[in-house]
Amino acid sequence: MNPIIETLTGMDGLSDQVVAMDLLIAAKSGVRNYAMAVTEAGTPEIKEILTRHLMEAIDMHEQISAYMAEKGLYHAWDTNEQINLDLNNINTALNLPTL
């Protein structure tokens, strides 16, 4: 989105949060998928490769969630704070100008 439009609509910080949250959700999905694949592996070699990929996916998830927490975009351990953030995001979306 255009930075000027983002600022005018109040979405300048929200765009970063949306991208980061999408990446976090994809990382979580990857962790689940690799964990399931490890349990279905047919050979020790495949299981080893999938386990290595699982560990990399877990590390990526940790990096993304740490980045988001550092930026104040994600409050995994503070439910009330996360709810407040979500409500603010909802209000921002509801107050966007319509064309």
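Here, every reference points to the structure presented above.
J.: How should the nonpolar core be read in this particular structure?
T.: Generally speaking, nonpolar side chains in soluble globular proteins are found buried as a group. Listed in full, the 7 residues of the largest apolar core are Ala-20, Leu-24, Ala-27, Ile-64, Met-68, Leu-73 and Tyr-74. Residue assignment for this core shows that the elements contributing at least two residues are helix H2 (12–40) and helix H3 (44–70). Of the residues forming this core, the biggest block, 3 residues, is contributed by H2. Each residue touching Ile-64, except ones within four places of it in the same chain, is listed here: Ala-20, Leu-23, Leu-24 and Ala-27. Ranked by size, the runner-up nonpolar core spans 5 residues in total, among them Val-31, Val-38, Leu-50 and Ala-57.

J.: Could you clarify how one ought to interpret helix H4 (residues 79–94) in this entry?
T.: Each full turn of the α-helix corresponds to 3.6 residues, which orients residues three or four apart in the same direction. With 16 residues, H4 extends 22 Å between its outermost C-alpha atoms, agreeing within 8% with the 22 Å of an ideal straight helix rising 1.5 Å per residue. Considered for burial, the residues of H4 that qualify are Gln-82, Leu-85 and Asn-89. Projected down its long axis, H4 carries its buried residues within an arc of 60°, all on one side. The outward face of H4, more than 90 degrees from its buried face, is lined by the exposed residues Thr-79, Asn-80 and Leu-94.

J.: Looking at this structure, how should I read the pattern of salt bridges?
T.: A complete count under the given rule lists 1 salt bridge for this structure. The salt bridge involving Arg-52 is made with Glu-48; its shortest N-O contact spans 3.8 Å. Of this pair, Arg-52 and Glu-48 are both found in helix H3, 4 residues apart, which corresponds to roughly one turn of the helix. Its relative accessible area of 43% is what places Arg-52 among the partly exposed residues.

J.: Just checking my understanding: could you explain H3 for this structure?
T.: The end-to-end C-alpha separation of H3 is 39 Å, in line with the 39 Å expected for 27 residues at 1.5 Å each. Listing the buried residues of H3 in full gives Leu-50, Leu-54, Ala-57, Ile-64, Ser-65 and Met-68. Phi turns positive, to about 75°, at Gly-72, one or two residues after H3.

J.: When you look at a nonpolar patch on the surface in this model, what are you seeing that I'm missing?
T.: The grouping of Ile-83, Leu-87, Ile-90 and Leu-94 at the surface amounts to a nonpolar patch, some 390 Å² of accessible area in total. Its place among the elements puts Ile-90 in helix H4.

Definitions and limits used
Residues numbered from 1 in each chain as written. Predicted model: local features only at pLDDT ≥ 70, side-chain atom pairs only at ≥ 80, totals over all residues. Heavy atoms only, no water. Core = buried A, V, L, I, M, F, W, Y, C linked by side-chain atoms within 4.5 Å. Buried < 20%, exposed > 50% of the residue type's maximum accessible area, 1.4 Å probe, protein only. Helix = DSSP H or I, 4+ residues; strand = E, 2+ residues; numbered from the N terminus. Contact = heavy atoms within 4.5 Å. Expected span 1.5 Å × (residues − 1). Arc of directions from axis to C-beta. Salt bridge = Lys/Arg side-chain N within 4 Å of Asp/Glu carboxyl O. Patch = residues over 30% accessible without salt bridge, like charges linked within 9 Å, V, L, I, M, F, W, Y side chains within 5 Å. Areas by Shrake-Rupley, 256 points an atom, 1.4 Å probe, with all protein chains shown as cover.

Shape is all these values report; function is a separate question.
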